[in-house]
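Chain by chain, the residues run as shown.
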Amino acid sequence: MNKFEQERIEKVNKLKECGLDPYGSKYENTKSLCNIVEEYTDEKEGTTVRVAGRIMTMRPHGKTAFLDIRDRTGKIQAYIKKDKVGEQKFDIFKLLDLGDIIGVDGELFKTRTGEVTVYATDFTVLSKAILPPPEKWHGLKDVELRYRQRYVDLFSNEKSMNTFLNRIKIIKWIREHLDNSGFLEVETPMMQPIPGGATAKPFITKHNTYDMDLYLRIAPELYLKRLLVGGMERVYEMNRNFRNEGVSTKHNPEFTMIEIYQAYSDYEGMMTLTESMIAGIAEKLYGCYKIPYGDLTLDLTPPWTRKKYCDLLKEYAGLDMADKNAVLEKAAELKISTDGKENDEIVNDIFEEVVEKELKMPTFVIDYPKSLCPLTKACDDNPDFAQRFELYMASMELANAYTELNEPLEQADRFRKQAGDGELGGKVDEDFLHSLKYGMPPAGGLGIGIDRLVMLLTNTVSIRDVILFPLLRQ
RNA sequence: GCACCCUUAGCUCAGCCGGUAGAGCAACUGACUCUUAAUCAGUAGGUCGAAGGUUCGAUCCCUUCAGGGUGCACCA
């Protein structure tokens, strides 16, 4: 315990000696601070208000003081004067510190310099802080502390609070958009006996009573498609996925994903949905379709560019992916390993190396090589390609969608081939295959990385800045 | 997992060629009844991330470790 704490604990004790509870109780504050300030007019001078919040700055002047009090919506200035609150109360005021949470009763007025202020008639200590807040001007800068002690980051860095408030809005608008389009929000298992729907490494856990290994889900896909079989027709789930892999500015081991399935639609339908939903949210957030991201200005005005995977390869790598020798040459040129890889896998490595970084403006990359898409229906006009798109923006993969493969025997074949690779621990979700045999309607399916979407829409470079409590070492 | 960089007061940061630590804010004492990064005077505050090594002497050079950042790898 340092001297700051000790000094403040002494003040806590003094408040108790004065018969006050330094940790308050229910306090009926009338309005948010932002509303009070915005709605103030000269006629409102003298109106009584009751406000509550954290003391952010203090400017004492002997027998008076100005305090800035902040709540979630904004801040307001309070003016405390010895003559107004009385001598006893003014002595109590002297025990207040930056960071304390207080309530203030008073009358509204405008100061000489035009700031809306509460002229305190009384105040209440609601929570006495025994640690000092960070520096008032610079806030909390240390990124490690900002992540580990997000609570301090939130109350001391307005920008951080705003990012998370925007995240909350974005998620709310996505739900609104889908709910208004007849989609049902569902919840499927986070703990799965066989992790499916993607090929990431899972976290393993164990159920004691059943003596059963379980995996934290890497994707909800196979369960959501069971619901299509069940007849729910339009479903979505927005929640956490868990992947036991590296951490980077674009990857957190637990991350939020939305998966959306629409019966009788296809990947074209999913493109339209993606476009209208994301552009709509950008418009609500910024008032226009052009949004800043780093050095870029992303133009989200629909419709967005759609380009075929193989055409992009030609455009940026000068490569015809059917020409296997050319593919090997290109791989060698880029120092991409080709050991034990199929042609399509090498092609995809080249794509990721060469093309992805060029995709800055919103671009739907469509029609992926079928071998890379075990859950996707083949293109009608070419059986080597699948009806899949990935959405790229600012060189970042943001969404992934298919026309879902609903042919049970074909799906079984593709799973068994993949299980042969050992990618899913050799396990095939037989019940999912069983469900398809009852008939799944043709459907479009879409997954959007919510954290990355929030990054793009809030102009944030690191995923850790849009996740309240990102994973850090102990 | 690999490479590079960072870690100094509660917070934000200085610290030269290796000579043993500085500022602002915050705190404490005092002055001040419309300030707003309030002002003025004074006081206190440090295991320089940790452990070892080199040296007469290490915040500074070397090694190891911990945590963090960035890039790479991993990641349909």
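In the block above lies the structure referred to throughout.
Residues numbered from 1 in each chain as written. Chains lettered and ligands numbered in written order. Predicted model: local features only at pLDDT ≥ 70, side-chain atom pairs only at ≥ 80, totals over all residues. Heavy atoms only, no water.

### Focus on the sheet that holds strand β10 (residues 234-242)
1) Next: A sheet is described by the order of its strands in space; here eight strands give the open sequence β6-β10-β11-β18-β17-β16-β15-β14, paired in mixed fashion. Every interior strand has two partners, whereas the edge strands, β6 (184-185) and β14 (305-308), have only one.
2) Next: Pairing of strand β15 (residues 363-369) with strand β16 (residues 385-393) involves six bridges; the strand directions are antiparallel. Residue proline 369 lies in a different strand from β16, and its bridge partner there is phenylalanine 385.
3) Next: Strand contacts of helix α8 (residues 221-230): β10, β11 (254-263), β17 (396-403) and β18 (443-449), with the helix running at about 25 degrees to β11, the strand carrying the most contacts.
4) Next: Lying over the sheet, helix α10 (residues 309-317) contacts β14, β15 and β16, oriented at roughly 85 degrees with respect to β14. (Pairing = 2+ DSSP bridges. Helix = DSSP H or I, 4+ residues; strand = E, 2+ residues; numbered from the N terminus. Contact = heavy atoms within 4.5 Å. Axes fitted to C-alpha atoms, helices over the stretch in contact; angles between N-to-C directions.)

### Considering the protein's contact with RNA strand B
1) Next: The immediate surroundings of RNA strand B are formed by 53 residues, with Glu7, Thr113, Lys136, Glu144 and Thr199 found nearest.
2) Next: When atoms of RNA strand B within 4 Å of the protein are sorted by moiety, sugar and phosphate together comprise 55%.
3) Next: Within the side chain of arginine 59, one N or O atom sits 2.7 Å away from a base oxygen of RNA strand B.
4) Next: The side chain of glutamine 77 places a nitrogen or oxygen atom 2.8 Å from a base oxygen of RNA strand B.
5) Next: At the level of secondary structure, the elements contributing two or more residues to the surface near RNA strand B comprise α1 (3-17), β1 (48-60), β2 (64-70), β3 (75-81), α5 (143-148), β16 and β17.
6) Next: A total of five residues in the surface near RNA strand B trace back to one element, the largest contributor, which is α5.
7) Next: Classifying every residue of the surface near RNA strand B by side-chain character gives 16 nonpolar, 16 polar and 21 charged. (Near = heavy atom within 4 Å. Polar contact = N/O pair within 3.5 Å; in protein donor to acceptor, adjacent residues only side chain to side chain. Nonpolar A, V, L, I, M, F, W, Y, C, P; charged D, E, K, R; others polar.)

### Examining the packing of helix α7 (residues 158-180) against helix α9 (residues 267-286)
1) Next: One can describe the packing of α7 onto α9 by two numbers: an axis separation of 10 Å at closest approach and a directional angle of 135 degrees. One finds that α7 runs oblique with respect to α9. In this structure, the crossing between α7 and α9 has a hand that is right-handed. Where α7 abuts α9, its residues Asn166, Ile170, Trp173, Ile174, Glu176, His177 and Leu178 lie against Leu273, Ser276, Met277, Ile281, Lys284 and Leu285.
2) Next: The class makeup of the residues in the contact of α7 with α9 is eight nonpolar, three polar and two charged. (Parallel < 35°, antiparallel > 145°, perpendicular 65-115°, else oblique. Left-handed = near helix turned anticlockwise from the far one by under 90°.)

### Details of the pairing of strand β9 (residues 212-216)
1) Next: Where strand β7 (residues 191-192) and β9 come together, two bridges link them in antiparallel fashion. Among the inter-strand pairings, methionine 191 is bridged to a residue of β9, identified as leucine 216.
2) Next: Strand direction decides the pairing type here: strand β8 (residues 204-207) and β9, joined by four bridges, are antiparallel. Considered in β9, the bridge of lysine 206 is made with aspartate 213.
3) Next: The turn linking β8 back onto β9 is made up of four residues, and aspartate 211 within it adopts a positive phi angle of 45 degrees.

### Brief notes about the nonpolar core
1) Next: Within the largest apolar cluster, 45 residues are counted, with the highest numbers of intra-cluster contacts made by Ile174 and Phe389.
2) Next: Sort the elements by how many residues they give to this core and α9 lands first, with nine residues.
3) Next: Setting aside residues up to four positions removed in sequence, isoleucine 174 forms contacts with Met238, Ile258, Met277, Ile281, Ile450 and Leu453.
4) Next: Ala65, Ile102, Val104 and Leu108 belong to the second largest nonpolar core, which has 27 residues in total. (Core = buried A, V, L, I, M, F, W, Y, C linked by side-chain atoms within 4.5 Å. Buried < 20%, exposed > 50% of the residue type's maximum accessible area, 1.4 Å probe, protein only.)

### Structural notes on the environment of tyrosine 261
1) Next: Of note, tyrosine 261 is situated in strand β11.
2) Next: Residues tyrosine 261 and leucine 184 lie 77 residues apart in sequence; the distance between their C-alpha atoms is 9.8 Å.
3) Next: In this structure, tyrosine 261 is in contact with Phe183, Glu221, Leu224, Lys225, Leu228, Glu233, Arg234, Val235, Glu404, Gly444 and Gly445, ignoring residues within four places of it in sequence.
4) Next: At 3.5 Å, the side chain of tyrosine 261 forms a polar contact with the side chain of glutamate 221.

### Some remarks on the environment of leucine 436
1) Next: Locating leucine 436 in the fold gives a position in helix α14 (residues 430-437).
2) Next: Separated by 84 residues in the primary sequence, leucine 436 and glutamate 352 place their C-alpha atoms 32 Å from one another.
3) Next: Ignoring sequence-local partners within four residues, the contact set of leucine 436 consists of Pro408 and Gln411.

### A short note on the pattern of salt bridges
1) Next: Counting across every chain of the model gives 35 salt bridges.
2) Next: As a salt-bridge pair, aspartate 465 and arginine 146 come within 3.4 Å of each other at their nearest N and O atoms. Of this pair, aspartate 465 sits in the segment after α15 (450-458) while arginine 146 is found in helix α5, placing the two residues 319 residues apart along the sequence.
3) Next: On the accessibility criterion, aspartate 465 (19% relative accessible area) is buried.
4) Next: Connected via shared salt-bridge partners are Arg8, Lys11, Asp97, Asp100 and Lys128. (Salt bridge = Lys/Arg side-chain N within 4 Å of Asp/Glu carboxyl O.)

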